[in-house]
Amino acid sequence: MEKLLEVKDLTKQYAQGSLIARILITAVDHISFYMNQAEIFTLAGESGCGKTTTAKIVLGFEEATSGTILHSGKPQTRKEKVWITEGVQAIFQDPFSTFNPLRTVDSYFFDTVKNYQLAQSKQDAIELIDQKLRAVGLTYGEFVGKYPNEFSGGQLQRISIARALMTEPKLLIADEPVSMVDASLRMSIVNLFKKLRDELGVSVLYITHDLATAYYVSDRIAIMFRGNIVEMGTVEQVLMNPRHPYTRLLRDSIPQADPRKTWADTVTLAELEHDEYLREGCKFAGRCPMVMERCKTQIPGDISVEDVLVKCHLYD
Amino acid sequence: MKTLRDLFRDYRFAFSFGVLVIILVMAFLSIFSPYDPTLWNVVPKDLKPSAEHWLGTDSNGQDIFWQATFAVRNSLIISLIAGLVSRVIAILVGMIAGYQGGTVDRVLMFIGDSLLVIPLFLIMVMLAMLVRQYMNLVILGLMLSVFGWAWDARVIRSIILSLRERDFTKTAILSGTGTVKLVLNEYMPFAMPLIFSTLINNIAWAIGLEITLAILGLVNLNVPTLGTMLNWALFYQSILLGRWWWILTPVVLSLLLFIALYWMSVSISEYLDPRTRIQRVGAS
Amino acid sequence: MDSQAETILRTEKLKAFYVLDMHGTQKIVKAVNEVDLEIKENEIYGIAGESGCGKSTLLKALFNAIEPPLRLIGGKIYYRVNWEDVDVTSLSPEEKRKLRLEYISYIPQGSMSVLNPVMKIKESYLDFIASHVPEQSRRETLELAQQHIVELGLPKNILNAYPHQLSGGMRQRVTIALSALLNPRIMIGDEPTTALDVVVQRGVIQMLKDIQRKLKNTIILVTHDMGVHANVANRIGIMYAGKIVEEGTTIQIFDNPLHPYTQFLINSLPKFGDKMMRESVPGSPPSLADLPTGCPFHPRCPHARDICREQMPGFSHPDETHKVACWLIGEGEHGKAS
């Protein structure tokens, strides 16, 4: 079966600084990954790792410096509106910012119906909207005519998913959808992703830094660090048996809801992020507990270890 | 409407609403004027206010009350044209420059900044001297509007620039909305309070500028406006000669108009401010 | 943690409401609706609950920052200063100011934005020190600050940097270090780890624990994330709709959560390594301006009974340190309504 999404050697560079002292920050550094149909794929990592930038490029909101993106085999052209041509939709991090506070939430739904010509009459439109709302656990009646501030964060995020579902997309890009939602409400959102995958065959590109929900919901996962994918494979393999030292650090830092499983040792944090971006060799060398001499000068390749791709000299 | 009721709770709005209603009624009354405002000597000169001539008469032989109705009407026409046309320009320029960015933005802002930087007054004086014979209300209004859009265009542009980065812009794009509709539907509601209050401020500014130009004699003095009335009153030394009814009429009317416009602009823009509006929205 | 320890902060039937007056209509938001707390010395007390339950307002009240539209409707707040109970609501502004930051400090939400962007961090610290420490000891205090920072695991030249040169997590830690500078007896943190990456969050929590261990003071921490409480709190209070509905030691709360809401809160978190289907708390928290009758949780409670709709339960004490307000557990101190 053809891959739904293929990203090949994608790179995005920004110039930062003044005329005199310009530095080139490589936000996304030659990454490649693919997604199948009806699959939940997670891009995980901390802020500054390039996962959000990657999502924006796949969505067509930003242009890559180099590399190709293929949607079902078709290359994505410059400034292509993939939400129209390829059935890609997205939801964002802050549910309260996703909708204009001065407009009713339903106006976006009706706009979508009109712009994509999804229904012929107002009655048909309402039925379609109601159907999508029920898929996320809400009804038309409790939603119509209301403004964003009349809903809770969790509800708004679900409404946001419903809006994305209106055009029956094949790929839903979810950019940190639960980071700004209470921990106790995250399950309802993430369970929805599972439902979309199982019942509607929608694939979800889940961008997050929360490995707990990532483990719970994804099929495959890629861990990103400062623009590189450092480990990629099925979620069982990568998170239950992490090979890259950074993945181990991430996994060990998840706060468990169990007072007997508190963190054993302490963690050192990066000094200035800039330095890590500009490192020669492996970018994690500055804080890696297993760092070797060659890590500081040579960039590790992507090494395949039992179906998992690891970017680390330990496995050379 | 509920909005009007809410607004009336603010004493500033209530006062200005009242004053403006009176002024508009006066302007409307000009239709019924028994005297032709452009003629001289239609009534005896320099009479104090009386039952027959409510605000007395002036040294040109005109009834001051009926002159004032025309003056108010014409000043309002000039300033409304100036205010509305300059709003339209400011909105178009601000929105296009803000949303498009790039070269379009730079060119438009350059034009705007130039208009802000050149000494307005000197240009107005020059233009007024050149165009004096052909000057009518509309032309004067348009002239004023050319100088009134630049500042607000920049402010609207800033609003658009910040709104463009917000997530709901992306939601609108993903909903398939095109650029023009997006800017109108998503951004205009945020810009409305600014546009409203600057409209009113702009009207006040235009009235003031017209008065200034009139006192300097740079407009057609035969057309009664608040400014030209003042000019004639000063010309005939009405202060010195104690003819208070003539000089005070345009002064008091202008003052009331300025205060009313200012208070109206402040109370409306407080009411329409997106921050307080968001609190009110859906709360009932 | 010592159950005989002194109480350092106490509230009695604390009520603080927001009174909003918009264009003629009045809206009353019952953010803190009769709260009794006894916070002890040398402990980390966590307050857990969803957004909109009133916990941020409770913190403001505890910090004695009650300003319109927030009004103190009833109850009292006591700090134990120099072995005496001081009723802080009746203090003068000057006395309040003195207490703040020397005795009690507050870390607001999003405190990474609290640092002045055009001053070096050192200057922000100096500013702060200057308003609380007499002239001659200022330089010493700055040197102490430098030491303090290094002890807490921050890089030593951080005082010479500008805020924008640091990441969000680093700024958060710098702000926390600043609030601990004058050795306050109580530190109050409002969601200090929200919106932080998981490794950075761990660093912030570590720092709070380090500070508490060194200064042996009290930290009151508010967050909706039970995972954070499990890692850092000694005792936890569960807040719902302006009231504390359950309180106990961390182990008691996690091993034996009694209130249905607490059970939901804990069960709705994914357990790493466990793919078993989990559910969020159903429904939504009630609007604090329009509370349900009786127990505010009854609309969402799967075990709601008639009495739950009519009357708010009092506290039952299944254990000396564990209390819960729920009709399922017991009648509480007030007994049933007559």
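Residues numbered from 1 in each chain as written. Chains lettered and ligands numbered in written order. Predicted model: local features only at pLDDT ≥ 70, side-chain atom pairs only at ≥ 80, totals over all residues.

## A few points about the overall build of chain B
From N to C terminus, chain B includes 12 helices and 0 strands. Its helices and strands in sequence order give chain B the pattern α-α-α-α-α-α-α-α-α-α-α-α, from N to C terminus. Each principal axis of the C-alpha distribution contributes one length, and for chain B these read about 75 × 50 × 30 Å. Here chain B holds 284 residues, and the buried ones make up 42% of them. Put simply, of all contacts in chain B between residues at least 6 apart along the chain, 70% involve residues at least 24 apart. (Helix = DSSP H or I, 4+ residues; strand = E, 2+ residues; numbered from the N terminus. Buried ≥ 20, exposed ≤ 12 C-beta atoms within 10 Å, placed from the backbone. Contact = placed C-beta atoms within 7 Å.)

## What to know about the sheet that holds strand β11 (residues 303–305) of chain A
Residue and element names in this part refer to chain A. The strand order across the open sheet built from 8 strands is β6-β7-β8-β3-β9-β10-β12-β11, with neighbouring strands paired in mixed fashion. Two strands bound the open sheet, and with one partner strand each, they are β6 (88–91) and β11. Each strand axis lies, on average, 20° off the axis of its neighbour in the sheet, ignoring direction. Bridge analysis of strand β9 (residues 220–225) against strand β10 (residues 228–234) gives 6 bridges, and the strand direction is antiparallel. Considered in β10, the bridge of Met-224 is made with Ile-229. In the packing of helix α1 (residues 51–59) onto the sheet, the strands contacted are β3 (40–44), β6, β7 (171–175), β8 (203–208) and β9, and the crossing angle to β7 comes to about 150°. (Pairing = 2+ DSSP bridges. Axes fitted to C-alpha atoms, helices over the stretch in contact; angles between N-to-C directions.)

## Overview of unusual backbone geometry
Despite not being glycine, Gln237(B) has its phi angle at roughly 55°, a positive value. Mapping Gln237(B) onto the fold places it in the loop between α10 (226–235) and α11 (244–272). For Gln237(B), a count of 12 C-beta atoms within 10 Å puts it in the exposed group. The residue Lys13(C) is not glycine, and still its phi comes out positive at about 45°. What makes Lys13(C) exposed here is the crowd of 11 C-beta atoms within 10 Å.

## Observations regarding helix α5 (residues 122–135) of chain A
All names here are of chain A. Helix length check: α5 (14 residues) gives 20 Å between terminal C-alpha atoms against 20 Å at 1.5 Å per residue, within 8%. Residues Ile-129, Lys-132 and Leu-133 constitute the buried set of α5. The arc that holds the buried residues of α5, viewed along the axis, is 100°, so those residues lie on one side. Turned more than 90 degrees off the buried face of α5, the exposed positions are Gln-123, Asp-124 and Arg-134. (Expected span 1.5 Å × (residues − 1). Arc of directions from axis to C-beta.)

## A look at the sheet that holds strand β7 (residues 186–190) of chain C
Across a sheet, strands are paired by hydrogen bonds formed along the backbone, either parallel or antiparallel in direction. All names here are of chain C. Taken in spatial order, the 8 strands line up as β6-β7-β8-β3-β9-β10-β12-β11 in an open sheet, and their pairing is mixed. Edge strands, defined here as strands with exactly one partner in the open sheet, are β6 (104–107) and β11 (316–319). Sheet twist, expressed as the average angle between the axes of neighbouring strands with direction ignored, equals 20°. Alignment of strand β10 (residues 243–249) against strand β12 (residues 322–324), held across 2 bridges, turns out to be antiparallel.

## Concerning the confidence of the model for chain C
Confidence along chain C averages 83 in pLDDT terms, with 94% of residues attaining 70 or more. The complex prediction reports pTM at 0.82, with the ipTM value standing at 0.86. (pLDDT = per-residue confidence, 0-100.)

## Let's talk about the packing of helix α3 (residues 64–100) of chain B against helix α7 (residues 150–164) of chain B
Residue and element names in this part refer to chain B. Remark: α3 packs on α7, axes separated minimally by 7 Å, with the N-to-C direction vectors making an angle of 35°. Crossing handedness for the pair α3 and α7: right-handed. Side by side, α3 and α7 meet where Ala-90, Ile-91, Val-93, Gly-94, Met-95, Ala-97, Gly-98 and Tyr-99 of the first sit next to Asp-152, Ala-153, Ile-156, Arg-157, Ile-160, Leu-161 and Arg-164 of the second. Here the contact of α3 with α7 is composed, by residue class, of 10 nonpolar, 2 polar and 3 charged. (Left-handed = near helix turned anticlockwise from the far one by under 90°. Nonpolar A, V, L, I, M, F, W, Y, C, P; charged D, E, K, R; others polar.)

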